[in-house]
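For reference, the chains in residue letters:
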Amino acid sequence: MQERAERELKEKSVTVRRGQGERSMAALIRGSRNLLPRWNKHVAPTFGPSRSMASKTPVGFIGLGNMGRPMAKNLLRNGYPVIATDVFPESRKELQDLGAQVFDTPADVAEKADRILTMLPSSPNVIEVYTGANGILKKVKKGTLLIDSSTIDPAVSREMAVAAEKMGAVFMDAPVSGGVGAASLAKLTFMVGGPKEEYQAAQELLTCMGANVVYCGAVGTGQAAKICNNMLLAIGMIGTAETMNLGIRLGLDPKLLAQILNMSSGRCWSSDSYNPVPGVMEGVPSGNNYQGGFGTTLMAKDLGLAQSTATNTKTPVPLGSLAHQIYRVMCARGYANKDFSSVFQFLREEEGQ
Ligand code: NAD
């Protein structure tokens, strides 16, 4: 089975030989301008018009969790063959059933694809997947485009970019805003950092998974934008939960209060699109015992990233710091796997003590 899959894959990906070894056609067609000077200028342009062929060469995807699975599915829906892996075999199964080829390690994926996306929980996982014993960089092909959509420390993104460059590959950070629902509907917002000349190649893939793709600047700036957004999101969510709770204590019907906030100056995403009070809105985690969505642990991690970058740059973020403490306490009190909007339930329980 595996043999047949690999044979089919070989047939699909054409490779060309030049003095410096083998590079897949996709890497050339991607239009990596920084690679061109190393090639005969009279030869390189002949690949330009075939760019559409690059679209159909396999794309690697590593990290098939809550977000990665729907993102990889959207690549498949857009006609990209997907080559995937995850540490948990059961996470690979769903993608495999939909036609993706699955392998055991990130190095296996790197051997077969020259555009690879990663969607992993945090910085240590990204370091492991890129530089570990079976990591991408052990087998990465020259010219490969590596796009990391995990939310991690911008300093780690910069380290990965340096390590990738040493192997002749290009690393970009492209964290996302939008939860599992947005990932399923291909409505994510991508914040992209990395070499400008590679942005178009990244954008080609990211538009299959998102409604907005925004170039932020050098590598790490996508993470910077994401960390700032999530710090504000956490502050907004805690503020909404606190406000809703006070209103309920003052005798207001929670649906009516939400309606008033949403037509007034207190309105925010947490009040009008992701209300934390059970029963106020349909289709959000608060209506489902805070299951699914964006975990409290992940929010605590993002607030930790905001804190360390603020400390490094000597930037005062008092509310961000308080939000970090609240989400850390929640993790310690059994909320770790609940959606981050469960801060409303947490406040209510604290009140009862
Ligand atoms: P998740 O924990 O559901 O998925 C991560 C996946 O990575 C898991 O399946 C895990 O097995 C896999 N993994 C970990 N280490 C690995 C390794 N060494 N090799 C292969 N696979 C490995 O997390 P998620 O909710 O999908 O979030 C992923 C990232 O996206 C996080 O950085 C998170 O902060 C960010 N994010 C999440 C949301 C959300 O709503 N869930 C929204 C925006 C951004």
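Please read these numbers as outputs of a predicted model, since none were measured by experiment. Every chain is numbered independently, its residues counted from 1 as its sequence is written. Reporting of local features is limited, given that this is a predicted model, to residues whose pLDDT is at least 70; pairs of side-chain atoms are given and counted only at 80 or more, and all residues count toward the totals for whole chains, interfaces and linings.

J.: Explain the UniProt feature "active site" (unreviewed entry) in the chain to me, please; I cannot follow it from the model alone.
T.: UniProt positions are given in the numbering used here, feature names are shortened, and annotations may be inferred rather than shown by experiment. As recorded in UniProt, the sites labelled "active site" (unreviewed entry) are K226. Numbering goes from the N terminus for both helices and strands, where a helix is a DSSP run of H or I of at least four residues and a strand is a run of E of at least two. The residue K226 is located in helix α12 (residues 221-249) in this model. Note on K226: 28 C-beta atoms within 10 Å, which makes it buried. Not counting chain neighbours up to four residues away, the residues in contact with K226 comprise T151, P175, S177 and M191. Residues are called buried when their C-beta atom has 20 or more other C-beta atoms within 10 Å, exposed when it has 12 or fewer, and partly exposed otherwise; all C-beta atoms are positioned from the backbone. Residues are scored as being in contact if the C-beta atoms we place from backbone atoms lie within 7 Å.

J.: Mind showing me how you'd approach the pairing of strand β8 (residues 170-173) here?
T.: Residues in a regular strand project their side chains so that they alternate between the two faces of the sheet. Here β8 shows no split at all, with V170 and M172 on one side and F171 and D173 on the other all buried. Here the term right-handed applies to a crossover when the path leading from its first strand over the helix to its second strand runs clockwise, the strands being oriented away from the viewer. Handedness of the β-α-β unit built from strand β7 (residues 145-148), helix α9 (residues 154-166) and β8 comes out right-handed.

J.: How should I be thinking about helix α17 (residues 343-352) in this particular structure?
T.: What α17 keeps buried is the set V343, F344, Q345 and F346. Where the residues of α17 are buried, they touch α12 and α16 (318-335).

J.: Hey, could you run me through the packing of helix α7 (residues 123-131) against α9 in this one?
T.: Think of two packed helices as two axes; the pair is described by the angle between the axes and how far apart they sit. Where α7 meets α9, the closest approach of the two axes is 10 Å, and the angle between their N-to-C directions is 5 degrees. Compared by their axis directions, α7 and α9 come out roughly parallel. Taking contact as the criterion, the partners of S123, V126, I127, Y130 and T131 in α7 are, on α9, V156, M160 and A163. In terms of residue class, the contact of α7 with α9 is built from six nonpolar, two polar and no charged. Comment: axis = line fitted to C-alpha atoms, over the contacting stretch for helices; angle = value between 0 and 180 degrees taken between N-to-C directions. Note on terminology: angles under 35 degrees are roughly parallel, angles over 145 are roughly antiparallel, angles of 65 to 115 are roughly perpendicular, and the others are oblique. Here the term charged refers only to Asp, Glu, Lys and Arg, the term nonpolar to Ala, Val, Leu, Ile, Met, Phe, Trp, Tyr, Cys and Pro, and the term polar to all other amino acids, Gly among them.

J.: Can you help me understand the site of the ligand in this one?
T.: Note on definitions: a residue is near a molecule or strand provided its C-beta atom, placed from the backbone, lies within 6 Å of it. In the region of the ligand, 28 residues are neighbours, and G63, G65, M67, G179 and F294 sit closest. In terms of residue count, the dominant contributor to the shell around the ligand is α7 (three residues). Along the lines of polarity and charge, the residues of the shell around the ligand split into 14 nonpolar, 12 polar and two charged. In terms of domain composition, the shell around the ligand takes at least three residues from each of domain 1 (2-218) and domain 2 (224-352). An automatic or database domain assignment provides the domain bounds reported here.

J.: So what exactly am I meant to see when it comes to the nonpolar core here?
T.: Nonpolar side chains tend toward joint burial in soluble globular proteins. A set of buried residues qualifies as a nonpolar core if it consists of Ala, Val, Leu, Ile, Met, Phe, Trp, Tyr and Cys joined through C-beta atoms within 7 Å. Formed by 87 residues in total, the largest nonpolar core has its most connected members in V82 and A84. Per element, the largest residue contribution to this core is 10 residues, and it comes from α12. When residues are assigned to domains, this core turns out to be shared by domain 1 (2-218) and domain 2 (224-352), each giving three or more. The residues contacting A84, other than those within four sequence positions of it, are F61, I62, L64, A72, R92, L95, A100 and V102.

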